[in-house]
Amino acid sequence: MEMGFRWDFAYEILPDMLWATLNTIIAAGVGYAIALVVGLFFLLGQRTPSKIINGINREIVEFIRSTPLLIQLFFVYFVLPQFGIKLSAWVCGMITIGLHFGTYLSEVYRGALEGVSKTQWEACRALNFSTAYTYRKIVLPQAFPIAIPGMGNYLVGIFKDTPLLSTIGVAELFHAATAVGGYNYRYLEPYTMVGIIFLILSVPAAMWVRKLERTVNVAQGKIKQ
Amino acid sequence: MSYFAFLAEHGTTLLLGTVTTIKVLICSMILYVIISMIFGLMRLSKNLVIQGIATVYIEFFRGTSLLVQLFWVYYVLPFFGISLEAFVAGVVALGLNFGAYGAEIVRGGILAVPKGQWEAAHALNFSPAKRIKRIIIPQIFPIILPPAANLTVELLKATALVALVTVVDLTFEAKQINSITWLSAQCFGTALLIYYIMARLALVPFLRWLEVLAARKVGRGKA
């Protein structure tokens, strides 16, 4: 077998890899959108006045957060059909990623809401604003900028966890690389290219998130320019 | 088949897998702590070459996916004549990946030590090595342990990936049992429970204990 990096082979598989990258981006985007919404539900469960719901919510979040995403994927993919629910690998993957990262995002939301000063609430109470109005006009506009860096971090995080989807057969980038590698019995080029594509996409994204974080901190007066 | 019958038949296999998972966790934990310390310090070096190496390392391993790194170490390194055993490849990939995240935590911790401490050590004519070792490092533990604890729980979860490069750990065993018996709910459910118990009842209390210990060592905790 030829040693070293074969550029002609890399060039040959490049179109396939780029198409698969599109799938990876779609998977990350859809998974993230679901996670954003799921996070809201967990946040709701956390903030309802009922102590019982709070407790149940907390245990569910803790359980999801302290178990591996990989086994959660297997669980959803293999167990749901036993109960007569047949979903495609794509749908299973998106649901699992949404649930898993939804728990992390609910923490981001909570942190952001707690980051809004308590006196803001008191002032709204004094002005006789309704709770809905307080949230909509006073609290959320202030909480949102605080949440942005955390939300950005988890977008990058989801993107980097999408290769796990290949284990249940979602045809994303890593899956394509494994298939191409197995077919030609050369893993050097496909896996190296996956690494490079990930670097090209996620390093600028991570830098952009860090810049956002700085901007928010400056705006909040936490650090000086 | 009842759940108890399932446990009686496959419980031992799952427990043996758990032992491997714990071994992977401990080995990669030691490796990642050492790497974080070295690269965290290198990142703060005034020498631009050393600093550059650390930055490239950290950005590279944080920018690519752990699974890709793991497969690269296990399947691609043999092309360069380096064949690692699955267990070693798993530990190396986990250690390198988490070391990159840990290095950033260490860097943050060192920067958070008050500047007066550096100046005082300087005024007392401590050598740079002694300053780091005796004054700065002991003080960073209370600062870095809470984020490091989160990272370590993430590490426990990430050890599941080594099953994909044929390390016979808990995840591998669960998958194996699933493919023989098709009792998916039982075997993956049990695996999830074991991971949860390891994280909540063993790892997290241990890390909290370390935090208390570290705080006490610098005289900040309750005696």
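The structure we're discussing is the one just above.
The text that follows walks through the structure, step by step, so that each part is easy to find. (Residues numbered from 1 in each chain as written. Chains lettered and ligands numbered in written order. Predicted model: local features only at pLDDT ≥ 70, side-chain atom pairs only at ≥ 80, totals over all residues. Heavy atoms only, no water.)

Another point: the overall build of chain A. When its secondary structure is counted, chain A shows eight helices and zero strands. Moving toward the C terminus, one meets the helices and strands of chain A in the order α-α-α-α-α-α-α-α. The globule rule puts the C-alpha radius of gyration for 225 residues at 17 Å, and the 22 Å found for chain A is more than 25% above it. Counting only C-alpha atoms and orienting by the principal axes, one finds that chain A spans roughly 75 × 55 × 25 Å. Classification of the 225 residues of chain A by burial places 43% in the buried group. (Helix = DSSP H or I, 4+ residues; strand = E, 2+ residues; numbered from the N terminus. Rg over C-alpha atoms; globule rule 2.2 N^0.38 Å. Buried < 20%, exposed > 50% of the residue type's maximum accessible area, 1.4 Å probe, protein only.)

Here we come to the interface of chain B and chain A. Counting residues at the interface gives 36 residues for chain B and 38 residues for chain A. With both sides pooled, the region where chain B packs onto chain A buries about 3400 Å², and carbon together with sulfur makes up 73% of that total. Considering only the surface of chain B that becomes buried against chain A, B:F79, B:K157 and B:L192 emerge as the three largest contributors, covering 21% of it. Scanning the region where chain B abuts chain A turns up three salt bridges. Counting every contact that joins chain B to chain A gives eleven residue pairs in polar contact (both at pLDDT 80 or more). At the level of elements, α2 (48-63), α3 (66-76), α6 (128-158), α7 (170-181) and α8 (184-217) of chain B are the ones that each hand at least two residues to the side of chain B that touches chain A. Tallying contributions element by element places α8(B) first for the side of chain B that touches chain A, with eleven residues. Partitioning the side of chain B that touches chain A into residue classes produces 23 nonpolar, seven polar and six charged. (Contact = heavy atoms within 4.5 Å. Buried area = accessible area lost by both parts, 1.4 Å probe. Salt bridge = Lys/Arg side-chain N within 4 Å of Asp/Glu carboxyl O. Polar contact = N/O pair within 3.5 Å; in protein donor to acceptor, adjacent residues only side chain to side chain. Nonpolar A, V, L, I, M, F, W, Y, C, P; charged D, E, K, R; others polar.)

As a further point, take the packing of helix α3 (residues 69-79) of chain A against α8(B). Packing of α3(A) against α8(B) brings their axes to within 9 Å, and their N-to-C directions diverge by 160°. The angle between the axes of α3(A) and α8(B) places the two elements in the roughly antiparallel class. α8(B) is crossed by α3(A), and the crossing has left-handed handedness. On the side of α3(A), the interface is formed by A:I71, A:Q72, A:F74, A:F75, A:F78 and A:V79, while α8(B) contributes B:S184, B:A185, B:F188, B:G189, B:A191, B:L192 and B:Y195. (Axes fitted to C-alpha atoms, helices over the stretch in contact; angles between N-to-C directions. Parallel < 35°, antiparallel > 145°, perpendicular 65-115°, else oblique. Left-handed = near helix turned anticlockwise from the far one by under 90°.)

Before going further, it helps to examine the environment of B:T181. Residues and elements named next belong to chain B. Here T181 lies in helix α7. On the basis of relative accessible area, T181 is assigned to the partly exposed category, the value being 26%. Separated by 144 residues in the primary sequence, T181 and M37 place their C-alpha atoms 45 Å from one another. Within polar-contact distance, the side chain of T181 engages the backbone oxygen of I177 at 2.8 Å.

Looking now at the side chain of A:S166. Checked against the element boundaries, A:S166 lands in the loop between α6 (131-161) and α7 (173-184). Among the residues examined, A:S166 registers a relative accessible area of 13% and is labelled buried. Of note is the side chain of A:S166, whose polar atom sits 2.7 Å from the backbone oxygen of A:P163. Apart from residues lying up to four places away in sequence, A:S166 is in contact with A:E172, A:F174, A:H175 and B:L67.

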